[in-house]
Amino acid sequence: MATSILLGISIAAFIIIKLQRKPSKALQLNFLYFIALFGICASIGWIDGKFAQPKEINTAQLKGTILAAKINRIQDKDFSMAIDVTIIKSIGKDCKTEDIKGVKARLNIDESDYSLKEGDMMTWKADLKRISNMNNPESFDYATYMSHKGILYTQQVDRDKYVIIGHHDDLLTWAKGLQRSLIRKVLNSDINVESQKFLITILIGDATFIDKDTRTEFSQAGIAHVLALSGLHIGIIAMVIYWLLFPLDRLMLRKLRYIIALILVAGFDIITGLSFSIIRASIMMAFTAIAVIFFRRGSGINALMGSALFILIFQPAAIFDVGFQLSFASVLSILLISNKVNPVSPRRKWLYYVASLLTVSLAATIGTAAITACYFHTISVFSFITNIIIVPILPVILTAGIIFLAMLCMGIQFPIIAKIVDFLFSILDKTASMMAAMPTSHIDNVYVTPTECGIYAVIIATLVMWIYRNKASYLLIAIGELLILCIVSFAYRVSLPEKGMVIFNDYSSTPILYFEKGTGYLWNADDSINVSDFKQYNDQFMAKYGIDQIRTITNDFGISNCDIKPPFACIMGKKMAIISKSDWKHISAKNKINVDYLIVTKKYYGTVSQLMNTFKPKITLLSGDIFSERLNALEKECRDSSYNYRNLSTEGGIMLK
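Residues numbered from 1 in each chain as written. Predicted model: local features only at pLDDT ≥ 70, side-chain atom pairs only at ≥ 80, totals over all residues. Heavy atoms only, no water.

1. Section: the sheet that holds strand E16 (residues 568-571)
The sheet built from 7 strands is open, its strands ordered E14-E15-E16-E17-E18-E19-E20 with mixed pairing. The open sheet terminates on both sides in strands that have one partner only, identified here as strand E14 (557-559) and strand E20 (645-647). For this sheet, the mean inter-axis angle between neighbouring strands, taken without regard to orientation, is 20°. By the bridge criterion, 4 bridges tie strand E15 (residues 562-565) to E16 in an arrangement that is antiparallel. Along E16, the bridge assignment pairs Asp-563 with Cys-570. Together, strand E18 (593-600), strand E19 (615-622) and E20 form the strand contacts of helix H23 (residues 628-640), whose direction differs from that of E20 by roughly 155°. (Pairing = 2+ DSSP bridges. Helix = DSSP H or I, 4+ residues; strand = E, 2+ residues; numbered from the N terminus. Axes fitted to C-alpha atoms, helices over the stretch in contact; angles between N-to-C directions. Contact = heavy atoms within 4.5 Å.)

2. Some thoughts on the pattern of salt bridges
All told, the structure shown has 8 salt bridges when counted by the stated rule. We note a salt bridge from Lys-129 to Asp-127, for which the minimum N-O separation is 2.9 Å. Its relative accessible area of 43% is what places Lys-129 among the partly exposed residues. Looking at Asp-127, the relative accessible area reads 28%, which means it is partly exposed. A salt bridge links Lys-636 to Asp-640, with the nearest nitrogen and oxygen atoms 2.9 Å apart. Of this pair, Lys-636 and Asp-640 are both found in helix H23, 4 residues apart, which corresponds to roughly one turn of the helix. (Salt bridge = Lys/Arg side-chain N within 4 Å of Asp/Glu carboxyl O. Buried < 20%, exposed > 50% of the residue type's maximum accessible area, 1.4 Å probe, protein only.)

3. Side note on the state of the cysteines
This structure, assessed with the given rule, holds 0 disulfides. With no disulfide partner, Cys-570 has as its closest neighbouring cysteine sulfur the one in Cys-562, 8.8 Å distant. (Disulfide = S-S within 2.5 Å.)

4. A few points about the pairing of strand E6 (residues 151-157)
In terms of burial, E6 is a largely internal element, 5 of the 7 residues being buried. As paired elements, strand E3 (residues 97-109) and E6 share 6 bridges and run parallel to each other. Looking at the pairing, Leu-107 lines up with Gln-155 of E6. Across 2 bridges, strand E5 (residues 129-130) lies against E6 in antiparallel orientation. The residue of E6 that forms the bridge with Lys-129 is Thr-154.

5. Focus: a negative patch on the surface
Taken together, the side chains of Asp-110, Glu-111, Asp-158 and Asp-160 present a region of like negative charge at the surface. Relative to the assigned elements, Glu-111 resides in the loop between E3 and strand E4 (120-125). (Patch = residues over 30% accessible without salt bridge, like charges linked within 9 Å, V, L, I, M, F, W, Y side chains within 5 Å. Areas by Shrake-Rupley, 256 points an atom, 1.4 Å probe, with all protein chains shown as cover. Lys, Arg positive; Asp, Glu negative; His and termini not counted. Charge placed at Lys NZ, Arg CZ, Asp CG, Glu CD.)

6. Focus on the nonpolar core
With 46 residues, the main nonpolar core has Phe-198, Leu-203, Ile-204, Ile-397 and Phe-404 as its most contacted residues. Of all the secondary structure elements, the ones that give two or more residues to this core are helix H5 (171-187), helix H6 (193-204), helix H8 (231-244), helix H10 (254-271), helix H11 (276-293), helix H16 (394-409) and helix H17 (415-437). Residues Ile-71, Ile-83, Leu-116 and Leu-152 belong to the second largest nonpolar core, which totals 24 residues. (Core = buried A, V, L, I, M, F, W, Y, C linked by side-chain atoms within 4.5 Å.)

7. Re the layout of surface pockets
Within this model, the second largest pocket holds a volume of roughly 400 Å³. Lining the second largest pocket are 15 residues, and of these Ile-241, Phe-268, Ile-271, Ile-402 and Ala-406 sit closest to its centre. Here the element with the most residues in the lining of the second largest pocket is H16; it accounts for 6 residues. Split into classes, the residues belonging to the lining of the second largest pocket amount to 14 nonpolar, 1 polar and no charged. (1 Å grid on protein atoms, 1.4 Å probe; cavity = no way out; pocket = protein on both sides within 12 Å on 5 of 7 lines; lining within 4 Å. Points joined across faces, edges and corners; volume = space filled by probe spheres on them. Nonpolar A, V, L, I, M, F, W, Y, C, P; charged D, E, K, R; others polar.)

8. Observations regarding the packing of helix H18 (residues 450-469) against helix H19 (residues 472-494)
One way to put it is that H18 packs onto H19 with a least axis distance of 9 Å and a crossing angle of 165°. Judged on the interaxial angle alone, H19 and H18 are roughly antiparallel. Crossing of H18 against H19: the hand is left-handed. Of H19, the residues touching H18 (which contributes Glu-452, Ile-455, Val-458, Ile-459, Thr-462, Leu-463, Met-465, Trp-466 and Arg-469) are Tyr-474, Leu-475, Ile-477, Ala-478, Glu-481, Leu-482, Ile-484, Leu-485, Val-488, Ser-489 and Arg-493. Residue composition of the contact of H18 with H19, grouped by class: 14 nonpolar, 2 polar and 4 charged. (Parallel < 35°, antiparallel > 145°, perpendicular 65-115°, else oblique. Left-handed = near helix turned anticlockwise from the far one by under 90°.)

9. Some remarks on unusual backbone geometry
In this model, Pro-566 is joined to Pro-567 through a cis peptide bond whose omega is 10°. As for its position among the elements, Pro-567 is in the loop between E15 and E16. In this structure, Lys-517 is a non-glycine residue whose phi angle is positive, near 55°. The exposed category is assigned to Lys-517, whose relative accessible area is 70%.

10. Quick word on the sheet that holds strand E21 (residues 654-656)
An order of E13-E12-E11-E10-E21 is seen for the 5 strands of this open sheet, with the pairing classed as mixed. Of all the strands in the sheet, the pair left with one neighbour each is strand E13 (549-553) and E21. Adjacent strand axes in the sheet meet at a mean angle of 20°, parallel and antiparallel pairs treated alike. As paired strands, strand E10 (residues 499-503) and E21 are joined by 3 bridges and run antiparallel to one another. Residue pairing for E21: Ile-503 is matched across the bridge by Ile-654.

11. Focus: H16
Taking 1.5 Å per residue, 16 residues should reach 22 Å; H16 reaches 22 Å between its end C-alpha atoms and fits that length. Those residues of H16 that sit buried are Leu-394, Ile-397, Leu-398, Ala-400, Gly-401, Phe-404, Leu-405, Met-407 and Leu-408. Positive phi appears at Gly-411, one or two residues downstream of H16, with a value of about 80°. (Expected span 1.5 Å × (residues − 1).)

12. Some remarks on the packing of aromatic side chains
According to the stated counting rule, one finds 15 aromatic pairs in the structure shown. On the numbers, 5.5 Å between centres and 55° between planes, the contact of Phe-140 with Tyr-145 is tilted. According to the relative accessible area criterion, Tyr-145 is partly exposed, its value standing at 37%. Between Phe-504 and Phe-541, the ring centres sit 5.8 Å apart and the planes meet at 85°, which makes this aromatic pair edge-to-face. Taken as a pair, Phe-504 in the loop between E10 and strand E11 (512-516) and Phe-541 in helix H21 (residues 539-544) lie far apart in primary sequence, 37 residues in all. Considered together, Phe-504 and Phe-541 belong to a single accessibility category, that of buried residues. Aromatic rings pair up to connect Phe-504, Phe-515, Phe-534, Phe-541 and Tyr-545 into one cluster. Just above the ring of Tyr-468 sits the side chain of Lys-340; from NZ or CZ to the centre is 4.7 Å. (Phe/Tyr/Trp six-rings, centres within 6.5 Å; stacked < 30°, edge-to-face > 60°. Lys NZ or Arg CZ within 6 Å of the ring centre and 35° of its normal.)

13. A look at H6
In a regular helix each residue adds 1.5 Å, so 12 residues correspond to 16 Å; H6 covers 15 Å between its end C-alpha atoms and thus fits that length. In terms of burial, H6 is largely enclosed, as 9 of its 12 residues are buried. Along H6, the residues that are buried comprise Ser-195, Gln-196, Phe-198, Leu-199, Ile-200, Thr-201, Ile-202, Leu-203 and Ile-204. Once H6 finishes, Gly-205 follows within two positions and takes phi at roughly 85°, a positive value.

14. Quick word on the side chain of Ser-338
Mapped onto the secondary structure, Ser-338 falls in helix H13 (residues 322-341). Polar contacts involving the side chain of Ser-338 include one to the main-chain carbonyl oxygen of Ile-334, which spans 2.5 Å. Aside from chain neighbours lying at most four places away, what touches Ser-338 is Ser-333, Thr-359, Val-360 and Ala-363. (Polar contact = N/O pair within 3.5 Å; in protein donor to acceptor, adjacent residues only side chain to side chain.)

Have a look at this one:
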């Protein structure tokens, strides 16, 4: 109802504004247009999102049946595979067949099977589970992320428990298959391993090969966009192709030059697996080229909006993709800001080009700063400087990479080309390392809420209006909006506690974190834990509560509000015992130990009732690291015995403030 009202008000406002304007000013930018158009687009997007929800099924009824599905995407991992499939039908025990349309699932194979390819038809015995989250404070919403991809269900399938029954290709599966074939050619080539991963990322479009350290360095240096295929890469490749086709101009075939360039760029799109950012950039380029072919005046803004609309019509969930958001925001800010703030006249070509490197980089940084901070919790201070160094090198390495890839497809390897690719990547890598290592190059642990991100976007839009209209009123409005942003940010951060405790849900351990004044104290009694992995998985939590460092606790430890003597602890007035040995099932006590939390981990193999001979807990916590069959048995025992309990794997972690 509220969405319908917003849509009606926005359309009415847009019509009223349009009718009140003079024809001579119809094409001028107006701040009120932005508000009305945003309301219309947001309403339509919300309604479209509601109708575009993935189809749900009854997994309990399907359990034990044979499912037939088509493989859409295969992702190779270390000694395992993740396979996205579209289920076509189920076959019951009575051989009754039932069609299932529009249901997607992710299958996890515990071994690599290189005989599989996109488009294969496979069958397996159904035991689908609904994709769930860890449900820790500020944890990544994996279930929603997968639902935006149309995937609601997952299943672990053993290597010998599925059968390939046929093959059926469409454009997408054929493109994915071609992409994986090219990846394997690069992995078998003579260039260095790191260069292979980089080439696969920037030319073939699979960023899963880039290791965490390289990704972190590029992000801190402010050039993470180099690792994500986007309009920058398409623009460079299109320019190289257009330049190579210059003889067609001499033959008075300029339009043919554009047409061939479009066809070759479309071929590159297929090689990269038809990702959102690449399609957006290609459609935008196509709109501009078509305008030239038909003697029309091209508009970058119209081309950008048209490409975004085209993608969202066919894939509404793309609006939630961080790559789509960053790509759209950066290109829009470049189109609106870069030329307006360039102090050099276009008539001074070389000086104007050098200045453009700075203004384009600066505009892209301004446009994406809030989104980057919101998703990745880091702000690169010198990103516009790093981009000035990197952007001129990128066309060279892309050209060399294309030549190298083309030769691989022909079964040819030239050592000279391989050395050039290795050398150029080393320059990029060393530049990123050097810039990331500078003391003030980046600000980490930044937390930006979606509300703050939205206000920031409004401020930028208002400043753009001030640049174009040159009216002091827009500047005053922007200052007022900035003041609102400061008040909202201050109020939000004041409301956050300076100290607290979290018992995390984790698949492999039971971490307990106490934090105070920017320092976190991590206790994990049942298993070892990798601190860097813990930080990575909980980076949003760390940023929100301003936790700059983590200290692990293994022995007796005590500070204000936190006293730990394994296996007991008293944190923020809460007494707890963590059961990580089976010896406890043989112990009983006349005077039972009162605890607030009794935490049962994977290393305890007794029953909950045996623990009740020693402890008197207010609540028993079943750790998320307990194996599923045993966890189900313990949960059933707690229900049958009316124990007050919480299953961390289904209900998530607990936070005390």
